[in-house]
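# Observations on the three-dimensional arrangement
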Amino acid sequence: MVTTPASTTVLVVEDDPAIATAIAHRLSAEGWRVETALDGPSGIEAAARLQPDVVLLDVMLPGIDGLEVCRVIQAERPVPVLMLTARDDETDVLIGLGVGADDYMTKPFSPRELVARTKALLRRQERAARAAEVATAHTPDPPLEVGDVVIDRAQRRVVRHDEEVHLTPTEFDLLVALASAPRTVLTRERLLEQVWDWVDASGTRTVDSHVKALRRKLGPDLIRTVHGVGYAFEPTP
């Protein structure tokens, strides 16, 4: 089902009341219903109660940190999560992506970009829902077999070396985009548009971080970096 602004619920989990209020005010201006939580336990409770369409989640939270909050929320119900971090630390980013975050932003950030990133997550969610409806009504696409990687798009499962590899929704979509055009170099901008539904190049580092996360799970040999351009999927026999 496609959500309308009035039916869209956004949960903001941020321990700084001033920042939480500012974010809520800006997002409410888009016509969304916005609620805030100021610590980890409250964020988990609010996510279970509200069933939000998207969660904006600070990494550094009292009680339970944002990474654990993300893990708990995703275990209960998959939902798009935009992590907010005060440090542009690659380890923190990769851990956040590993526990199910779809995207991240480093403070300070512009309200305009925050809204754009949130809208992109909502569009992806709607697109995935429509694809699921189509798959239910029609014969699903056959698995995509590229070298020793098997990608079941209907069940969203990935197998390599006869072992299943667990990917986040964003990692799966990125892998499908790359594997659907093996040995073809895809620019970061094209991947942003195709996977994240962005129309600008402000998040190219997001692509880089997700590629690193994929390499950690699938091995370093499958995705080739073309410096200054993008990435190519290089299947192995």
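All of the points below concern the structure found in this document. (Residues numbered from 1 in each chain as written. Predicted model: local features only at pLDDT ≥ 70, side-chain atom pairs only at ≥ 80, totals over all residues. Heavy atoms only, no water.)

The subject of this paragraph is unusual backbone geometry. Cis peptide bonds are those with omega within 30 degrees of zero, and the linkage from Lys-107 to Pro-108 qualifies with -5°. Along the chain, Pro-108 falls in the loop between strand E5 (103–106) and helix H5 (111–137). Of note in this structure, Gln-51 is not a glycine but carries a positive phi near 50°. Examined against the element boundaries, Gln-51 turns out to sit in the loop between helix H2 (40–50) and strand E3 (54–58). Even without being a glycine, Arg-156 presents a positive backbone phi close to 55°. Locating Arg-156 in the fold gives a position in the loop between strand E7 (149–152) and strand E8 (157–160). (Helix = DSSP H or I, 4+ residues; strand = E, 2+ residues; numbered from the N terminus.)

In an α-helix, one turn spans 3.6 residues; hence positions three or four apart end up facing the same way. Listed as buried for helix H7 (residues 188–196) are Arg-188, Leu-191, Leu-192, Val-195 and Trp-196. What you see down the axis of H7 is that its buried residues fit within an arc of 105°, all on one side. Looking one or two residues past H7, Asp-197 carries a phi angle of roughly 65°, positive in sign. (Buried < 20%, exposed > 50% of the residue type's maximum accessible area, 1.4 Å probe, protein only. Arc of directions from axis to C-beta.)

We now examine the sheet that holds E3. Taken in spatial order, the five strands of this open sheet run E2-E1-E3-E4-E5, and their pairing is parallel. The open sheet has two edge strands with one neighbour each: strand E2 (33–37) and E5. Direction aside, the axes of adjacent strands within the sheet are offset by 20° on average. Sitting on the sheet, helix H1 (residues 17–28) touches strand E1 (9–13), E2, E3 and strand E4 (81–85), and the angle it makes with E2 is about 170°. Lying over the sheet, H2 contacts E1 and E2, oriented at roughly 170° with respect to E1. (Pairing = 2+ DSSP bridges. Axes fitted to C-alpha atoms, helices over the stretch in contact; angles between N-to-C directions. Contact = heavy atoms within 4.5 Å.)

Moving on, we get to the pattern of salt bridges. Enumeration over the complete set of coordinates arrives at 20 salt bridges. For the salt bridge of Glu-35 with Arg-49, the shortest nitrogen-to-oxygen distance reads 3.7 Å. Of this pair, Glu-35 sits in strand E2 while Arg-49 sits in helix H2, placing them 14 residues apart in sequence. Note on Arg-49: relative accessible area 47%, which makes it partly exposed. Here Glu-234 ties to Arg-183 by a salt bridge, and the two come within 3.9 Å at their closest N and O atoms. Placement of Glu-234 in the segment after strand E12 (230–233) and of Arg-183 in the loop between helix H6 (169–179) and strand E10 (186–187) is noted, with a sequence separation of 51 residues between them. (Salt bridge = Lys/Arg side-chain N within 4 Å of Asp/Glu carboxyl O.)

Our next topic: the pairing of E4. For E4, the tally of buried residues reaches five of five residues, placing the bulk of the element in the interior. Of the two faces of E4, the one lined by Val-81, Met-83 and Thr-85 and the one lined by Leu-82 and Leu-84 are each fully buried. Taken together, the four bridges between E3 and E4 define a ladder with parallel strand orientation. Following the sheet pairing, Leu-56 is matched in E4 by Leu-82. Regarding topology, helix H3 (residues 66–76) serves as the crossover connection from E3 to the parallel E4, and that connection is right-handed. (Right-handed = clockwise from strand over helix to strand, strands pointing away.)

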